[in-house]
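Below are the chains, spelled out letter by letter.
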Amino acid sequence: MAVRLTDKLVRALEPPPARNGRGNNRITYDDSVPGFGARITSAGAVSFVLNYRRKADGLERRFTIGTFPAWSVTAAREEAKRLKRDVDGGGDPIGKFKAERQAPTVASLCVRFEAEHLPRLRPSTAQMYRALIKNEVVPALGRMKVAAVGFEDVDRLHRNVSRRAPYLANRLLALLSKMFALSVLWNMRGNSPVRGVQRNQEIKRKRYLSGDELARLTTALAEHHNREVADALRLILLTGARKSEVLSATWSQFDFGTGTWTKPGATTKQKTDHIIPLSAPARQLLAQIRERSSSPKFVFPGPGPTGHRTNLKRDWGRICREAGIVGLRVHDLRHSFAAQLASAGVGLHVVGGLLGHTQPQTTSRYAHLFDDTLRAATERVGAVISNAASAEIAPLTKRGRRQ
């Protein structure tokens, strides 16, 4: 029998007796909204429910709206009306609830991203992304449903990381951008919440070794106790290669007959094979390393799953202290290689080719180093023109006297 439900009536409901030693419940239905009622268990817990038939197949279902007194009768009745309108339109509240409950979380998205996408990236990028996922993404967004993440959630995370590491925050944004772009392709959501988040401004470093610093660094490398680390740094200096390219290099990549190094696309930033010529000192260094190498595969073998050395950070700090050099990164050795080429007057397209740049604007950061070369060339042209002009002035003067 249906009655007009009120808070007072619901509060006065009597719990039904247990049945066969097990819990039992009783539903008192409201007379104004068909299917809406208050359910009380034998333990005295009260909740509001709505019975409805799914329009697709006529299956009868019961949806729990909420508990009393957290939900008042009035609020629960209004929610029941809303749900019935949804059902009349073909909706299925229980089906929707189950789908939302079973929807993938950001943590599960991260697991799939690591398994399916990271193996396609360069080892150094994959390593950085794994660290960002573990330390930033999962703690902040891991429990959220992928479909529920909004612009404000991503923007907040980016701003929080930016306060302590602005450049790292941009790497985080790149990670989230790719991750949520894939979530769209994997039908987890309809669009990316990263769109519109403003990246932090980054100033490109222009740190190069001075002549004096280069001399001190060379001495420190010669005296460093770890010869393998010193050789890896020398090879970076002599080739301008990235640290990851040097540390993951295999003997099969080097052709000592032609004096070339073929860096496979899997290890290069441009994702294509990159062939560079090796200078005589570079070839000599590699020959010395090979003589004492214990690995038939890697130039710089190391422990761990990769099979090669992956880090120079601790030794690099000590080498810089021994050389009295401040504010220099390992990557700046690559910049110093390019700076030496540019200062010698080598064209930017050649510098870019040796470094493996695919965009001219990437190499353009070294353009200012052509100043001395260009100035010297300008002075030579000026001298030639001045000498030619002086040779012409004399006969003109003589003609002037004759007039």
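Residues numbered from 1 in each chain as written. Predicted model: local features only at pLDDT ≥ 70, side-chain atom pairs only at ≥ 80, totals over all residues. Heavy atoms only, no water.

A. Structural view of the overall build of the protein. Helices and strands together make up the secondary structure of the protein, namely 16 helices and seven strands. Taking all 403 residues of the protein together, 40% fall into the buried category. A separation threshold of at least 6 residues defines the contact pool for the protein, and within that pool the share at least 24 residues apart is 59%. Within the structure as shown, the protein displays about 23,200 Å² of accessible surface, and the carbon and sulfur contribution to it stands at 53%. (Helix = DSSP H or I, 4+ residues; strand = E, 2+ residues; numbered from the N terminus. Buried < 20%, exposed > 50% of the residue type's maximum accessible area, 1.4 Å probe, protein only. Contact = heavy atoms within 4.5 Å. Areas by Shrake-Rupley, 256 points an atom, 1.4 Å probe, with all protein chains shown as cover.)

B. Region of interest: the pattern of salt bridges. In the structure shown here, the tally under the stated rule is 20 salt bridges. For arginine 82, the salt bridge identified is with glutamate 79, shortest N-O distance 2.7 Å. You can see arginine 82 and its partner glutamate 79 sitting in helix α2 (residues 73-88), three residues apart, about one turn around the helix. Salt bridges sharing common partners tie together Arg54, Asp57, Arg61 and Asp92. (Salt bridge = Lys/Arg side-chain N within 4 Å of Asp/Glu carboxyl O.)

C. Broad picture of the sheet that holds strand β1 (residues 25-29). Taken in spatial order, the four strands line up as β1-β2-β3-β4 in an open sheet, and their pairing is antiparallel. The sheet terminates laterally at β1 and β4 (60-67), the two strands that pair on one side only. Each strand axis lies, on average, 35° off the axis of its neighbour in the sheet, ignoring direction. Across the face of the sheet, α2 comes into contact with β2 (36-41), β3 (46-53) and β4 while running at roughly 20° to β3. (Pairing = 2+ DSSP bridges. Axes fitted to C-alpha atoms, helices over the stretch in contact; angles between N-to-C directions.)

D. Just helix α11 (residues 280-292), in detail. The end-to-end C-alpha separation of α11 is 19 Å, in line with the 18 Å expected for 13 residues at 1.5 Å each. For α11, the complete set of buried residues consists of Ala282, Leu285, Leu286 and Ile289. What you see down the axis of α11 is that its buried residues fit within an arc of 95°, all on one side. Counted as exposed and oriented over 90 degrees from the buried face of α11: Gln284 and Glu291. Those residues of α11 that are buried lie in contact with α9 (227-239) and β5 (254-255). (Expected span 1.5 Å × (residues − 1). Arc of directions from axis to C-beta.)

E. Summary view of the pairing of strand β6 (residues 260-263). Across two bridges, β5 lies against β6 in antiparallel orientation. Looking at the pairing, phenylalanine 254 lines up with tryptophan 261 of β6. Hairpin connection between β5 and β6: a loop of four residues separates the two successive antiparallel strands, and glycine 259 in this loop has a positive phi of roughly 70°. Pairing of β6 with strand β7 (residues 274-277), which is carried by four bridges, proceeds in the antiparallel orientation. Counterpart to lysine 263 in the pairing with β7 is histidine 274.

F. Spatial organisation of the packing of aromatic side chains. The tally for this structure, following the rule as stated, stands at five aromatic pairs. An angle of 25° between the planes, with centres 5.9 Å apart, marks the rings of phenylalanine 36 and phenylalanine 48 as stacked. Pair noted here: phenylalanine 36 is in strand β2 and phenylalanine 48 is in strand β3, with a separation of twelve residues, a long-range link. Residue phenylalanine 48 is classed as buried on the basis of its relative accessible area of 0%. Pairing phenylalanine 254 with phenylalanine 256 gives two aromatic rings, centres 6.4 Å apart and planes at 35°, and the pair type is tilted. What makes phenylalanine 254 buried here is its relative accessible area of 7%. A connected cluster of aromatic rings, assembled from ring pairs, spans Trp251, Phe254, Phe256 and Trp261. (Phe/Tyr/Trp six-rings, centres within 6.5 Å; stacked < 30°, edge-to-face > 60°.)

G. A look at the packing of helix α4 (residues 106-116) against helix α5 (residues 123-141). As a packed pair, α4 and α5 sit with axes 10 Å apart at the nearest point and diverge in direction by 165°. On the basis of their axis angle, the class for α4 and α5 is roughly antiparallel. Relative to α5, α4 is oriented so that their crossing is right-handed. From α4, Val106, Cys110, Phe113 and Glu114 reach across to α5, where they touch Tyr129, Arg130, Ile133, Val137, Val138 and Leu141. Along the lines of polarity and charge, the residues of the contact of α4 with α5 split into eight nonpolar, no polar and two charged. (Parallel < 35°, antiparallel > 145°, perpendicular 65-115°, else oblique. Left-handed = near helix turned anticlockwise from the far one by under 90°. Nonpolar A, V, L, I, M, F, W, Y, C, P; charged D, E, K, R; others polar.)

H. Local environment of unusual backbone geometry. Here the bond from phenylalanine 68 into proline 69 is cis, since omega is 15°, no more than 30 degrees from zero. Here proline 69 shows up in the loop between β4 and α2. For asparagine 187, which is not glycine, the phi dihedral falls at a positive 60°. Its location among the elements puts asparagine 187 in the loop between α7 (166-185) and α8 (211-223).

I. Looking closely at the environment of glutamine 102. Counting through the fold element by element, glutamine 102 comes out in helix α3 (residues 93-102). What makes glutamine 102 exposed here is its relative accessible area of 63%. A sequence separation of 43 residues divides glutamine 102 from lysine 145, and the C-alpha atoms of the two residues are 9.3 Å apart.

J. Highlighting α9. Compared with the 18 Å implied by 1.5 Å per residue over 13 residues, the 18 Å span of α9 between its first and last C-alpha is a close match. Taken residue by residue, α9 has Val229, Ala230, Asp231, Ala232, Leu233, Leu235, Ile236, Leu237 and Thr239 as its buried positions. Looking at where α9 begins, the residue whose side-chain oxygen comes 3.2 Å from the main-chain nitrogen of glutamate 228 is asparagine 226. In the segment just after α9, glycine 240 is the residue with positive phi, at about 75°. (Polar contact = N/O pair within 3.5 Å; in protein donor to acceptor, adjacent residues only side chain to side chain.)

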